[in-house]
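# Results of the structural survey
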Amino acid sequence: MRKLRFSEKRKWVVNGLLAFGAVALLTTGFATWIVGVNQRNANGNVSVSVDTAQKNNINFTFEILEEEDNQVWIGEKTSSDGGYITITGNDEKETDFNVSIKLTLQVGKDVANKPTAIKIDFNTTGTGLNLEEVDNSAATGNQVSIQEETKTHTVGDYKYIDIADEFKTLTLPTSVDEAKSGWTYQDNDGDITYTYTNSTAKLFKWGNFFGIDSSEPKYIASPSNYYNKLYANNKLTNSIEDVDFVYNELLAMKQVFMYGPRTEHNATDSWVPKTLNLLASLE
């Protein structure tokens, strides 16, 4: 019987960036963007704005720490359960959605409408990026729109991977006592500095393309679980047509997150990881 074997271990690079309002400045640090002007006040320069009467500055950085592991494995560990999909070639590593992140926010004491939270998402719009120089196709391609129903998906919008729920919105602590789970809170005569550090942040999860099913709380979304479930429910068969269809869906995901062989980026048969650009913004 012909079944699908999924043998490639795939590694993607995660690149952090920050944009707040319309201005984002690239620093010399790795993957760090700094907002130097509080965007609630229109100001033509690009330095921190501190006038003679008020400390009305906001300075915000979002870093994927270069010295730590800033790469993720979007794959699955070898399995031999005889399902519709089995995984080979990765006997050691489970799916790895962990990265090391650091966020630092400085808020002047006179800032009105102080931020209360930080939101993290994929930078699908390319905010803060020079799209003529930076490839943002991994972030945009992660969004999949199905226009006609297939054996595997109904009409709708999907993501291959998504931001883990606990990192979609990070609520800022309001005091030292609230600064827990990686947060520090410093109050210097009204000037507040928030720092969040997490060296093992599980920043991502499998997206709804692979079957988020609230009716089955024990179901763990992943490519193999999703397609094996469809096969068990007779929505997929072991025909050449269905196997080819699922294979092409997985190949399409691979092409979103990696440069394929013999492209302008790579003249060999190997696949090269892309950078997945993220966006952090203040609320």
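Each residue is numbered by its place in its chain's sequence as written, counting from 1. With the structure being a predicted model, the display of local features is reserved for residues of pLDDT at least 70 and the display and counting of side-chain atom pairs for 80 or more, all residues being used for whole-chain, interface and lining totals. Water and hydrogen atoms were dropped before computing side-chain values, which therefore reflect all heavy atoms in the structure.

## Overview of the overall build of the protein chain
- From N to C terminus, the protein chain includes four helices and 19 strands.
- Throughout this description, buried means an accessible area under 20% of the type-specific maximum (1.4 Å probe, protein chains only), exposed means over 50%, and partly exposed covers the range between. By residue count, 45% of the 283 residues in the protein chain fall in the buried class.
- Partitioning the contacts of the protein chain with sequence separation of at least 6, the portion at a separation of at least 24 is 67%. Here a strand is any run of E in DSSP of at least two residues, a helix any run of H or I of at least four, and the numbering for each starts at the N terminus. Throughout, a contact is declared for two residues whenever any of their heavy atoms are within 4.5 Å.

## Some points on unusual backbone geometry
- Although it is not a glycine, Ser181 adopts a positive phi angle of roughly 55°.
- Here Asn234, not a glycine, exhibits a phi torsion of approximately 65°, which is positive.
- Within the secondary structure layout, Asn234 lies in the loop between helix H3 (223-232) and helix H4 (240-257).

## Remarks on the sheet that holds strand E15 (residues 191-202)
- The antiparallel open sheet is built from four strands, whose spatial order is E5-E8-E15-E14. Taken across any chain shown, the strands that pair with only one partner, and hence form the sheet edges, are strand E5 (58-64) and strand E14 (183-188). Between one strand axis and the next, the sheet turns by 10° as a mean value, whatever way the strands run. Paired strands are those between which DSSP finds at least two bridges. A fitted line through C-alpha atoms represents every axis, and for helices the fit uses only the stretch in contact; the resulting angles, taken between N-to-C directions, go from 0 to 180 degrees.

## Some details on the pattern of salt bridges
- Every case where a carboxyl oxygen of Asp or Glu lies within 4 Å of a side-chain nitrogen of Lys or Arg is listed as a salt bridge. Taken as a whole and judged by the stated rule, the model has six salt bridges.
- Residue Asp242 pairs with Lys151 through a salt bridge whose shortest N-O separation is 3.0 Å. In this pair, Asp242 is assigned in helix H4 and Lys151 in the loop between strand E10 (143-146) and strand E11 (156-159), connecting sequence segments 91 residues apart.
- Note on Lys151: relative accessible area 43%, which makes it partly exposed.
- Asp165 serves as the salt-bridge partner of Lys205, at 2.8 Å between the closest nitrogen and oxygen. Residue Lys205 is found in strand E16 (residues 204-206), and its partner Asp165 is found in helix H2 (residues 165-168); the two are separated by 40 residues along the sequence.
- Taking the relative accessible area as the measure of exposure, Asp165 reaches 54% and is therefore exposed.
- If you follow the salt bridges from partner to partner, you end up with Lys159, Asp162, Asp165, Lys168 and Lys205 in one network.

## A closer look at H3
- Among the residues of H3, those classed as buried are Pro223, Ser224, Tyr226, Tyr227, Asn228 and Leu230.
- On its buried side, H3 packs onto strand E7 (85-87), E16 and H4.
- Within two residues after H3, Asn234 carries a phi angle of roughly 65°, on the positive side.

## Here we look at the packing of aromatic side chains
- Between rings of Phe, Tyr and Trp, where Trp is taken as its six-membered ring, a pair exists when centres lie within 6.5 Å; planes separated by under 30 degrees are stacked, by over 60 edge-to-face, and by other angles tilted. The full count for this structure, using the stated rule, is 15 aromatic pairs.
- Ring geometry for Tyr158 versus Phe209: centroids 6.1 Å apart, planes at 85°, classification edge-to-face. With Tyr158 in strand E11 and Phe209 in the loop between E16 and H3, this pair connects stretches of sequence that are 51 residues apart.
- For Tyr158, a relative accessible area of 12% puts it in the buried group.
- Note on Phe209: relative accessible area 3%, which makes it buried.
- Three or more aromatic residues link up through ring pairs in this structure, and these residues are Phe97, Phe122, Tyr158, Tyr160, Phe204, Trp206, Phe209, Phe210, Tyr226, Tyr227 and Phe257.

## Let's talk about the environment of Asn225
- Among the structural elements, Asn225 can be located in helix H3.
- Linking Asn225 and Ile85, residues 140 residues apart in sequence, is a C-alpha distance of 8.3 Å.
- Each residue touching Asn225, except ones within four places of it in the same chain, is listed here: Tyr219 and Ile220.

## Quick word on the environment of Glu166
- Locating Glu166 in the fold gives a position in helix H2.
- For Glu166, a relative accessible area of 56% translates into the label exposed.
- In the structure, Glu166 is positioned 38 residues away from Phe204 in sequence and 9.7 Å away in space, judged by C-alpha atoms.

## Remarks on the confidence of the model for the protein chain
- pLDDT runs from 0 to 100 and stands for how confident the predictor is about each residue. Mean pLDDT over the protein chain: 77, with 70% of residues reaching 70 or higher.
- Low pLDDT, under 50, characterises residues 18-53; the predicted model gives this stretch 82 contacts beyond four residues in sequence or across chains.

## Focus: H4
- Expected span of a helix: the number of residues minus one, times 1.5 Å. In this model H4 runs 26 Å from its N-terminal to its C-terminal C-alpha over 18 residues, within 8% of the 26 Å that 1.5 Å per residue would give.
- Among the residues making up H4, those that are buried are Asp242, Val243, Val246, Glu249, Leu250, Met253, Lys254, Val256 and Phe257. Down the axis, H4 shows its buried residues gathered within 165° of arc, on one side only. The arc refers to the directions leading from the helix axis to the C-beta atoms.

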